[in-house]
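A look at the structure
The residues making up each chain are set out below.
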Amino acid sequence: MGQGPSTSALQQCIQGVANNRANFAAFAGSPLYQIQWVKPYNLDVPVEPAAVVRPETAQDISDIIKCANANGVKVQAKSGGHSYQNYGAGGSDGAVAIDMVNFQKFSMDTKTWYATIGAGNRLGEVDKKMHAQGGRAMAHGVCPGVGLGGHATIGGLGPMSRMWGSALDHIVEVEVVTADGKIQRASATQNEDLFWALRGSASGFGVITEFVVRTHPEPANVVQYEYTIKLGKQADVAPLYSKWQALMADPKLDRRFGSMFIMFPLGAIITGTFYGTQEEFLTTGIPNALPQDGNGHLVINDWLGGLAHDAEKEALYLSGLAMPFVSRSLAFKRQDLLGPEKIKDIFNWVDTQKKGTLLWFIIFDAAGGAIEDIPQNATAFAHRDKVMYYQSYGIGLPVTKTTKDFITGFHDQVVQKAGPGTWGTYPGYVNNALVDQQKQYWDSNLPALEQIKARWDPKDLFHNPGSVRPVKN
């Protein structure tokens, strides 16, 4: 990327903020810039930010934002850097990427059991710190390397979400740097509109430096179920999927149970996590609805052991390593889930297709439960009425057209056969190929978000290809 007048002025401004601090910033064209600073997650989505900055304080971020404003450059923050479209690096060329790696603060108030957590913490570290300071926990996903900053502001779904809600449902206050460079607090009683928007779409509204979250006592016992099917044909797996889906769609299903169904070459895996004792799990009747032959087994764990087990299984499919991949996803309301015949048709279709890779998998992930208890307009997160998500992945070196056609074709099959109300997807599964991208992420909450964006960031400083845009008056 060339060093034109505006880029040079930007670099000088950021270097002034750095004030000779080492490892504070790097700029496009620097040696090893992509590997050591940009660190893209999806290598199939090239992106070249004008600068990557690693601030140490909220004031640093304020000063960096003022530099970007003065030079007409967009800004994006990243915590763990696991965006499917590399939005933490801007999502498109020329942005200032703010890497929150230095924001590792953690403290626990043992009176309220509220934790204050820096936005650069990874989920695995959050778990360890909460465990060490009172045996506490919060809901989140299962990949320990994912950063809290992005995860908790787009939803933050995981196996305990049916019991406790999403990660963002635990947020009670944040410190955030807004587009004018001001360091502010936002909560239910302070900057309420901004607080509403940050819980579901923060990438378009500011840079959060720290969270205050409510916590729960960590469960003493965790029961984990796993069943592996290696049949060679997806068509043979379809009846098992239908049975699993019926179980997960039951509105009376015990909220302590979360589960995934994962399709992969030559078979499938069902995983389940129950937060309670084995006796309590058996009493729910859930095991009677799951396969129980020699291909299935239970593992009994404590809280941290359960998290480690989930992370190990997820790592088989969603590695934290950068790689080229293509992905699609969709969210389902209960009434729009696929019927048995349509499931059979789709699984048969998978058998007939060329994949272009041996590294593909499709995850169906149960939601609902406590997530549904909160009104859709209570936060910016709009998918309260969804009881299941699917997400597909095709990995290649490089990703071939055949793989892209397979992943896209599967999505088209699901959309065609799902109920007419099937719409949208989880905003953590970003995809620049989506039509009406923002509408699919935020649904009926989008108009309010656009109004709030116009008040807090009218020039769209905080911008990526899928972020909220200010309403046009």
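These numbers come from a predicted model, not from an experiment.

Along the protein, the regular secondary structure elements total 15 helices and 18 strands. Each of the three principal axes of the protein carries a C-alpha extent, and together these read 65 × 55 × 45 Å. Counting only residues that meet the buried cut, the protein has 59% of its 473 residues in that class. Counted over contacts in the protein with a minimum sequence separation of 6, partners at least 24 positions apart contribute 73%. Total accessible area on the protein is roughly 18700 Å²; 53% of this is exposed by carbon and sulfur atoms. Counting 42 positive and 44 negative side-chain charges, the protein places the averaged centre of each group 3 Å from the other.

In a regular helix each residue adds 1.5 Å, so 13 residues correspond to 18 Å; helix H3 (residues 58-70) covers 19 Å between its end C-alpha atoms and thus fits that length. Among all positions in H3, only Ala58, Asp60, Ile61, Ser62, Ile64, Ile65, Cys67 and Ala68 are buried. Of the residues trailing H3, Gly72 is marked for its positive phi of about 65 degrees.

The next thing to look at is the sheet that holds strand E5 (residues 106-109). Across the sheet, five strands lie side by side as E5-E6-E10-E8-E9; this open sheet has antiparallel pairing. For this open sheet the edge positions go to E5 and strand E9 (183-187), each flanked by a neighbour on one side alone. Across the sheet, the mean angle separating the axes of adjacent strands is 15 degrees when strand polarity is ignored. Pairing geometry for E5 and strand E6 (residues 114-118), over four bridges, is antiparallel.

Per the UniProt annotation, the sites labelled "domain: FAD-binding PCMH-type" (unreviewed entry) are residues 45-218. Note that residues 45-218 is 25% helix and 25% strand, and that its end C-alpha atoms are spaced 38 Å apart.

Now for the sheet that holds strand E1 (residues 25-27). Strand order in the open sheet made by the four strands is E1-E2-E4-E3, with mixed pairing throughout. On the outer flanks of this sheet lie E1 and strand E3 (75-78), each paired with one strand and no other. The average undirected angle you get between the axes of adjacent strands in this sheet is 20 degrees. Strands in contact with H3 are strand E2 (51-53), E3 and strand E4 (96-99); relative to E4, the strand with the most contacts, it is inclined by about 175 degrees.

The subject of this paragraph is the packing of aromatic side chains. Enumeration according to the criterion identifies 22 aromatic pairs in this entry. Measuring from centroid to centroid gives 5.6 Å for Tyr84 and Phe325, while their planes differ by 90 degrees, and the two rings are edge-to-face. One end of the pair, Tyr84, is in the loop between E3 and E4; the other, Phe325, is in strand E16 (residues 325-333), with 241 residues separating them in the sequence. In this structure Phe325 comes out as buried when scored by relative accessible area, which is 6%. On the basis of an interplanar angle of 85 degrees and a centroid distance of 6.4 Å, the ring pair of Tyr389 and Tyr429 is categorised as edge-to-face. Within this pair, whereas Tyr389 is found in strand E18 (residues 386-395), its partner Tyr429 is found in the loop between helix H13 (401-417) and helix H14 (437-442), the two being separated by 40 residues in sequence. Above the face of the Trp37 ring, Arg54 is positioned so that its terminal group lies 3.8 Å from the ring centre. Lying across the ring of Phe205, Lys453 places its NZ or CZ 5.8 Å from the centre.

For Arg136, the position within the fold is in strand E7 (residues 136-137). A polar contact is formed between the side chain of Arg136 and the side chain of Thr215, at a distance of 2.9 Å. In this structure, Arg136 is in contact with Met108, Trp113, Met130, His131, Thr215, His216, Pro217, Glu218 and Trp303, ignoring residues within four places of it in sequence.

A separate point is the packing of helix H8 (residues 238-249) against helix H11 (residues 340-352). Direction vectors running N to C along H8 and H11 enclose 135 degrees, while the axes themselves pass 9 Å from each other. The pairing of H8 with H11 is recorded here as oblique in orientation. For H8 against H11, the interelement crossing comes out right-handed. Counted together, Ala238, Tyr241, Ser242 and Gln245 of H8 and Pro340, Ile343, Lys344 and Phe347 of H11 form the full contact between these two elements.

For Leu321, the position within the fold is in the loop between helix H10 (303-315) and E16. Exposure remark for Leu321: the relative accessible area of 62% places this residue in the exposed category. C-alpha of Leu321 to C-alpha of Leu32: the two residues are 289 residues apart in sequence and 17 Å apart in space.

Across all of its chains, the model carries 21 salt bridges by this definition. One salt bridge connects Glu125 with Lys128, and the closest N-O pair in it is separated by 3.8 Å. Within this pair, Glu125 and its partner Lys128 are both found in helix H4 (residues 123-132), separated by three residues, close to a single helical turn. Overall, Lys128 belongs to the exposed group, its relative accessible area being 51%. Taking the shortest distance from any N to any O, the salt bridge between Asp169 and Arg384 comes out at 2.7 Å. Taken as a pair, Asp169 in the loop between helix H6 (161-164) and strand E8 (171-177) and Arg384 in the loop between helix H12 (370-373) and E18 lie far apart in primary sequence, 215 residues in all. Judged on exposure class, the residue Asp169 and its partner Arg384 are both buried. Residues joined in a network through salt bridges with shared partners are Lys105, Glu173, Glu175, Arg185 and Glu210.

Within helix H7 (residues 192-201), eight of the ten residues are buried, leaving the element largely enclosed by the surrounding structure. Elements that come into contact with the buried residues of H7 comprise helix H5 (148-154), E8, E9, strand E10 (207-214), H14 and helix H15 (446-456).

All right, on to the pairing of strand E17 (residues 360-366) then. Counted residue by residue, E17 has six buried out of seven residues, so it is predominantly covered. Here four bridges tie strand E13 (residues 257-264) to E17, and the two strands are oriented antiparallel to one another. In the strand pairing of E17, Met260 is matched with Asp365. Judged from the seven bridges that link them, E17 and E18 form a sheet pairing that is antiparallel. Among the inter-strand pairings, Phe361 is bridged to a residue of E18, identified as Tyr393.

Criteria and thresholds
- Residues numbered from 1 in each chain as written.
- Predicted model: local features only at pLDDT ≥ 70, side-chain atom pairs only at ≥ 80, totals over all residues.
- Heavy atoms only, no water.
- Helix = DSSP H or I, 4+ residues; strand = E, 2+ residues; numbered from the N terminus.
- Buried < 20%, exposed > 50% of the residue type's maximum accessible area, 1.4 Å probe, protein only.
- Contact = heavy atoms within 4.5 Å.
- Areas by Shrake-Rupley, 256 points an atom, 1.4 Å probe, with all protein chains shown as cover.
- Lys, Arg positive; Asp, Glu negative; His and termini not counted.
- Charge placed at Lys NZ, Arg CZ, Asp CG, Glu CD.
- Expected span 1.5 Å × (residues − 1).
- Pairing = 2+ DSSP bridges.
- Axes fitted to C-alpha atoms, helices over the stretch in contact; angles between N-to-C directions.
- UniProt positions renumbered as here; feature names shortened; annotations may be inferred.
- Phe/Tyr/Trp six-rings, centres within 6.5 Å; stacked < 30°, edge-to-face > 60°.
- Lys NZ or Arg CZ within 6 Å of the ring centre and 35° of its normal.
- Polar contact = N/O pair within 3.5 Å; in protein donor to acceptor, adjacent residues only side chain to side chain.
- Parallel < 35°, antiparallel > 145°, perpendicular 65-115°, else oblique.
- Left-handed = near helix turned anticlockwise from the far one by under 90°.
- Salt bridge = Lys/Arg side-chain N within 4 Å of Asp/Glu carboxyl O.

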